[in-house]
Amino acid sequence: MIGKIQDILNGLGIDTYCIRETRSWSAEGFFVKKNLDLKRRTTLTDYQVSVYCISEKDGERFTGDSTVPVYPGMDDEELKRTLKSAYHAASFVRNPYYPLPEGKKETPVSSESGFAGMPLEKCMMRVAEILYASDVCEDVFVNSAEIFAVKKIRRVVNSRGVDVSWETFEVNGEYVIQCITPNDVETHHRFAMREPDEAAFRADVEHALRQTRDRAQATQPAPGGTYTVILSGENVNTLVSYYVDRASAGMIYQRYSDYEVGKAVQGESVRGDALTIRLKAAEPYDSQGIALTDRTLLENGVVRTIQGGARMAHYLGIEPTGEYRWIEVPTGSAAFSEMKKRPCLHVVLFSDFQMDSMTGCFGGEIRLAYLYDGTDIKRITGGSLNGSILKAQENMTFSRERYRSAAYEGPFAVAIPDVTVAGISAS
Amino acid sequence: MKAKSSPYIRAVRPLLEKLLADLKQRYPYASVLASDCREKIYRVNRRLSDINGSGMLSARGFVVKVFDGTYWSEHSFNEITEDTIPDILRQIAETSAISEGAFPEGIGQNEYTLPEEEETVFQGSTECVKDPEETDDDEILARMEEIRDRGLAFSEKILDCIVQINWNHTSKLFLSPKKDLEQNILWTTGMTVAAAAKGQEIKSSFRTASLLGGMEIMDQLDADMEKAAGTTLELLDSLPIEAGEYDCVCDPEVTGMIVHEAFGHGVEMDMFVKKRALAEKYIGRYVASPLVTMHDGAAALAQTGTYFFDDEGIMAHDTVVIDRGILRTGISDYQSARILGTEPTGNGRRESYRRKAYTRMTNTWFEGGTDSVEDMIASIDYGFLLEEPSSGMEDPKNWGIQCMVSIAREIRDGRLTGRIFSPIVLTGYVPDLLKSISMMSPDPQLSGSGFCGKGYKEWVKVSDGGPYIKARIRLG
């Protein structure tokens, strides 16, 4: 199909293009309590074709682009009409000129995942087996689960010689844990694994069961006020995503961020931990076919890399790094147990923790928290947290304990002083 | 004019009929859904413009669903020819054949009974005034740039203005032993955003427009840019709110988010099947003020959640969920209704042919009341007028609320003071909030600019809204 698309592009005189092919296969299981409710399988091939129109006016060069989906069932006539229409649209888009990444045909990269040797249905069932292995209590149990085992082979071909392909395996999904006593509550959990790390997943499930039991016993909201708040797990990743976003060429070019290499972005007098963030090449290439390598984004609170694809990098006059989805943060300075010795509110579950990279505001409704007053621990539910990373960033302390997820490896917890919490009356 | 049918679906229809005939020989029940979703997204801001024909919903493909007498199985694919039909049959056969021997210990399967269908043949298309596929990209971009420029000219403090238009034309064909349904739906949404910087903070305000139709939406966007720019400048002086419970007036968009997030998700009956929804225990009981009547329905009105039949071949409904404060029923997909022994309500929706169908909302709203907005504000000693919802998260199990709102306008002694507080988190207990509703304006307004997720995925287009409401709400 890629050859056919290239032939038609050539016939239309479209000499600047990028074709992305994704072939994917999945086995999916939808479980309600301990019953499989639906079995699914998918077999898909998708293409996205970006066409570029380079123009010149008054001595200034422009690049217009437009992307269209192309489907396996398209005949030559529809394909030609679709690509011609995309080029027509691109001719009206006048963005500053930028070149596509240059490259050559590279050897396809096979996945070395432990899932690679197993049929997808077996991968899905193996993860279900681990999930349900810990489901042994009558009062706290797996309410429902969705498990997707997915194999993908991606290929990117462009008009400047890039021709790369790579294979990935992932088992991802979500599960809901319910505890029926003393209160009937549930907690929602997502997972994604590229390796069959059974021990880690089993530990996650057991942790989720314990958390849900705690939520069932929590009835009191936090008294309203200002707290040292501890965030943990995936919420730490969400919080530090602020810096990843702000160091993106796209935000900088649009003037939403003033980050530049060498800028100290956590403030002038960091009293907590100065952040280091590394971009990890979890896949060999990004969606434009740019080879990814591990890079340091922030080092001790100072910007070391501005990350971006071909267009934004060209606009800023920097090297295109490609676009990353996985970060690593080094170990912090405090033991998690030390963090909890001072009065604090450790929020472990939100309904939806949000970090707004534009305003710097973070917050959400509290589903489960532990209130430490130095001696006692109270389980808390209800109320909301509303903070600003711009106010907090000089005083954040990260834990020595580690946490790993599909897109993050780094400190398990972060302590943030002086965060406002709105308490509520119990319902 | 009517939204056109898909030439591709017309061309492959004989192959789909052959596939269905083969499936019928192998299984007691089978269905085939074909979907061809075309869309285009136009976006301009200060420095860049884009035209993208490959959005989140763009997809063309098929899903077969079979019932083997006890269990359901599905296979999604996106290529069909005479030559690929045997492979499609093999794929669904292998999936259907996965038996309990392959399952983890202690895991079984949910058992179902044979679907019952009535003979139905249907063909329908929505209407539009200005067909986007017949409107030149140049004309659309030029109009959007004009709107953007008016926003940028509003004040030197405006950092950026964004104008976005998104049209979506989806054609579907559903075939089963007794059903032959075809629909063509065209909706368009638009958004204007203005942004300004306050140090490292980027403050922004937006206006949205949506309709079941085409490029006639541009007329609605014309007046919005200056309003968004004006509010953005106000936000530069916004203050953090003191947490507490306040008398609030919610504008129709905030009402819509409360309707959708706080209550709508809680009456999705696939959650009843899993015992994940508190609402199941409250059928026939007061859950809201007697002023409140709530609907959900793809057939109820013309907005972005409108369609003629759902992704399981059930014709669209207009379901009265809450009738004068009393919870009457939930909304349901077909498979959940079979388990619960209820009637499906035409709410079985897929993100695309690639995904499973779930119970999903469509157009969801509160009916209007009799109060004026002026009277609502005048009735408040100290409180807030809430505007510009940004996101929310459901909690069907415990009826907790989390809604994020950008603007709370201060009301003191029955008047707006001009002071703005931002950002705001709405929290609380759903029935408490709904029972506290004491005033409602006459005319419900619906907005279909956003998408609805199920948890953190499965995005579908919906609309929601209602009138201005006065309620007691905890803000933080």
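Parameters and conventions
Residues numbered from 1 in each chain as written. Chains lettered and ligands numbered in written order. Predicted model: local features only at pLDDT ≥ 70, side-chain atom pairs only at ≥ 80, totals over all residues. Heavy atoms only, no water. Helix = DSSP H or I, 4+ residues; strand = E, 2+ residues; numbered from the N terminus. Buried < 20%, exposed > 50% of the residue type's maximum accessible area, 1.4 Å probe, protein only. Contact = heavy atoms within 4.5 Å. Areas by Shrake-Rupley, 256 points an atom, 1.4 Å probe, with all protein chains shown as cover. Pairing = 2+ DSSP bridges. Domains from an automatic or database assignment. Buried area = accessible area lost by both parts, 1.4 Å probe. Salt bridge = Lys/Arg side-chain N within 4 Å of Asp/Glu carboxyl O. Polar contact = N/O pair within 3.5 Å; in protein donor to acceptor, adjacent residues only side chain to side chain. Nonpolar A, V, L, I, M, F, W, Y, C, P; charged D, E, K, R; others polar. Axes fitted to C-alpha atoms, helices over the stretch in contact; angles between N-to-C directions. Parallel < 35°, antiparallel > 145°, perpendicular 65-115°, else oblique. Left-handed = near helix turned anticlockwise from the far one by under 90°.

Moving on, we get to the overall build of chain A. Looking only at helices and strands, chain A features 9 helices and 21 strands. If one aligns the C-alpha atoms of chain A with their principal axes, the spans along those axes are about 75 × 55 × 35 Å. Across the 427 residues in chain A, those meeting the buried criterion constitute 58%. Considering only contacts in chain A between residues 6 or more positions apart, those separated by 24 or more positions represent 70%. Taken as a whole, chain A presents about 17100 Å² of accessible surface, with 46% of it coming from carbon and sulfur.

A few words now on the sheet that holds strand 11 (residues 302-303) of chain A. Residues and elements named next belong to chain A. An order of 11-10-9-12-20-19 is seen for the 6 strands of this open sheet, with the pairing classed as mixed. The open sheet has two free edges, formed respectively by strand 11 and strand 19 (402-404), since each of these has just one partner strand. Judged from the 3 bridges that link them, strand 9 (residues 277-280) and strand 12 (residues 326-328) form a sheet pairing that is antiparallel. Counterpart to Lys280 in the pairing with strand 12 is Trp326.

In this section: the pairing of strand 26 (residues 469-475) of chain B. Residues and elements named next belong to chain B. The buried count for strand 26 comes to 6 of 7 residues, which makes it a mostly enclosed element. Relative to strand 26, strand 10 (residues 244-250) runs antiparallel, the two sharing 7 bridges. Of the residues in strand 26, the one forming a bridge with Val249 is Lys470. In the sheet, strand 20 (residues 424-429) pairs with strand 26 via 2 bridges, with the strands oriented antiparallel. Bridge assignment links Thr427 to a residue of strand 26, and that residue is Arg474.

Among all residues except glycine, the phi angle is most often negative; among peptide bonds, the trans geometry is most common. Here Thr181 of chain A and Pro182 of chain A are connected by a cis peptide whose omega angle stands at 0°. Relative to the elements of secondary structure, Pro182 of chain A occurs in the loop between strand 6 (163-179) and strand 7 (185-193). A cis amide bond links Ser422 of chain B with the next residue in sequence, Pro423 of chain B, at an omega value of -10°. Among the structural elements, Pro423 of chain B can be located in the loop between strand 19 (415-421) and strand 20. Of note in the backbone geometry, Lys275 of chain B takes a positive phi value of approximately 60° without being a glycine. On the secondary structure map, Lys275 of chain B appears in the loop between helix 7 (270-273) and strand 11 (294-296). Taking the relative accessible area as the measure of exposure, Lys275 of chain B reaches 42% and is therefore partly exposed. In this model, Trp399 of chain B sits at a positive phi of 55°, which is unusual for a non-glycine residue. Locating Trp399 of chain B in the fold gives a position in the loop between strand 17 (382-393) and strand 18 (400-412).

With that settled, the discussion passes to the domain arrangement of chain B. All names here are of chain B. Along its sequence, chain B is carved into domain 1 (7-99 + 121-235) and domain 2 (244-475). Spacing between the C-alpha centres of domain 1 and domain 2 amounts to 23 Å. In this complex, domain 1 contributes 41 residues to the contact, which on the side of domain 2 involves 34 residues. Both sides of the domain 1 and domain 2 interface together cover about 3100 Å² of buried area, and 61% of this is carbon and sulfur. When residues of domain 1 are sorted by the area they lose upon contact with domain 2, Met56, Phe206 and Leu212 head the list and together hold 15% of the total. With a closest N to O distance of 2.7 Å, Lys172 and Asp311 form a salt bridge.

This brings us to the interface of chain A and chain B. Between chain A and chain B, the residue contacts involve 83 residues of the former and 84 residues of the latter. In total, about 7400 Å² of surface goes out of reach between chain A and chain B, with carbon and sulfur atoms giving 49% of it. One salt bridge in this structure joins Arg40 of chain A and Glu74 of chain B, with 2.5 Å as the shortest N-O distance. One can count 49 residue pairs in polar contact (both at pLDDT 80 or more) joining chain A with chain B. The dominant element in the side of chain A that touches chain B, judged by the number of residues it contributes, is strand 2 (residues 35-57) of chain A, at 13 residues. By residue class, the composition of the side of chain A that touches chain B is 33 nonpolar, 25 polar and 25 charged. With 2 bridges joining them, strand 3 (residues 60-70) of chain A and strand 2 (residues 49-52) of chain B adopt parallel strand pairing. Within the sheet, the bridge partner assigned to Ser66 of chain A lies in strand 2 of chain B and is Ile51 of chain B.

Attention now goes to the packing of helix 1 (residues 7-26) of chain B against helix 2 (residues 85-97) of chain B. Residues and elements named next belong to chain B. Here helix 1 crosses helix 2 at 40°, and the two axes come no closer than 11 Å. Considering the angle they form, helix 1 stands oblique to helix 2. As helix 1 packs across helix 2, the resulting crossing turns out to be right-handed. Across from Leu15, Lys18, Leu19, Asp22, Leu23 and Arg26 in helix 1, the residues of helix 2 making contact are Ile85, Ile88, Leu89 and Ile92. Taken together, the residues that form the contact of helix 1 with helix 2 break down as 7 nonpolar, no polar and 3 charged.

All names here are of chain A. Domain boundaries in chain A define domain 1 (2-212), domain 2 (218-236 + 332-422) and domain 3 (239-328). Every contact between the two is made by 18 residues of domain 1 and, on the other side, 15 residues of domain 3. Between domain 1 and domain 3, a total of about 1300 Å² is buried, with carbon and sulfur atoms accounting for 59% of that surface. Area buried by domain 1 at its contact with domain 3 is led by Tyr98, Pro101 and Trp166, which between them contribute 34% of it. On inspection of domain 1 and its partner domain 3, the count reaches 3 salt bridges. Linking Arg311 and Asp65 is a salt bridge whose minimum nitrogen-to-oxygen distance equals 3.8 Å. In this assembly, domain 1 and domain 3 are joined by 5 residue pairs in polar contact (both at pLDDT 80 or more). Of all elements in the fold, only strand 4 (95-96), strand 5 (140-158) and strand 6 reach the threshold of two or more residues within the side of domain 1 that touches domain 3. A total of 4 residues in the side of domain 1 that touches domain 3 trace back to one element, the largest contributor, which is strand 6. Looking at the side of domain 1 that touches domain 3 residue by residue, the class counts come to 10 nonpolar, 3 polar and 5 charged.

Residue and element names in this part refer to chain B. The mixed open sheet is built from 6 strands, whose spatial order is 13-12-11-16-25-22. A strand with exactly one partner marks an edge of an open sheet, and here the two such strands are strand 13 (326-327) and strand 22 (445-447). Both strand 11 and strand 16 (residues 363-366) contribute to a ladder of 3 bridges, which runs antiparallel. If you follow Met294 over to strand 16, its bridge partner there is Phe366. Against the sheet, helix 6 (residues 252-263) engages strand 11, strand 12 (319-323), strand 13, strand 16, strand 22 and strand 25 (463-466), with an angle of about 120° to strand 25.

Before going further, it helps to examine the pattern of salt bridges. Under the definition given, this model contains 77 salt bridges over all chains. A salt bridge links Arg194 of chain A to Glu283 of chain A, with the shortest nitrogen-to-oxygen separation between them at 2.7 Å. Here Glu283 of chain A lies in the loop between strand 9 and strand 10 (295-299) and Arg194 of chain A lies in the loop between strand 7 and helix 4 (198-217), a separation of 89 residues in the sequence. Taking relative accessible area as the criterion, Arg194 of chain A reaches 25% and is therefore assigned partly exposed. The exposure class assigned to Glu283 of chain A is buried, which follows from its relative accessible area of 10%. A salt bridge links Asp222 of chain B to Arg143 of chain B; the nearest nitrogen and oxygen atoms lie 3.1 Å apart. Placement of Asp222 of chain B in the loop between helix 4 (217-221) and helix 5 (224-235) and of Arg143 of chain B in helix 3 (residues 137-152) is noted, with a sequence separation of 79 residues between them. The partly exposed category is assigned to Asp222 of chain B, whose relative accessible area is 23%.

Okay, the environment of Phe31 of chain A next. The residue Phe31 of chain A is located in strand 1 (residues 17-32) in this model. Ignoring anything within four residues of it in the chain, the contact list for Phe31 of chain A reads Leu36, Asp37, Met124, Ala128, Tyr132, Ser144, Ala145 and Ile147 of chain A together with Ile107 of chain B.

With that settled, consider the packing of helix 1 (residues 2-11) of chain A against helix 2 (residues 76-90) of chain A. Residues and elements named next belong to chain A. Two elements in contact, helix 1 and helix 2, have axes whose closest approach is 10 Å; the angle formed by their N-to-C orientations is 60°. When the axis of helix 1 is compared with that of helix 2, the two are oblique. Read as a crossing pair, helix 1 and helix 2 show a hand that is right-handed. Together, Lys4, Ile5, Ile8 and Leu9 of helix 1 and Asp76, Leu79, Lys80 and Leu83 of helix 2 make up the contact between the two elements. Grouping the amino acids of the contact of helix 1 with helix 2 by side-chain chemistry returns 5 nonpolar, no polar and 3 charged.

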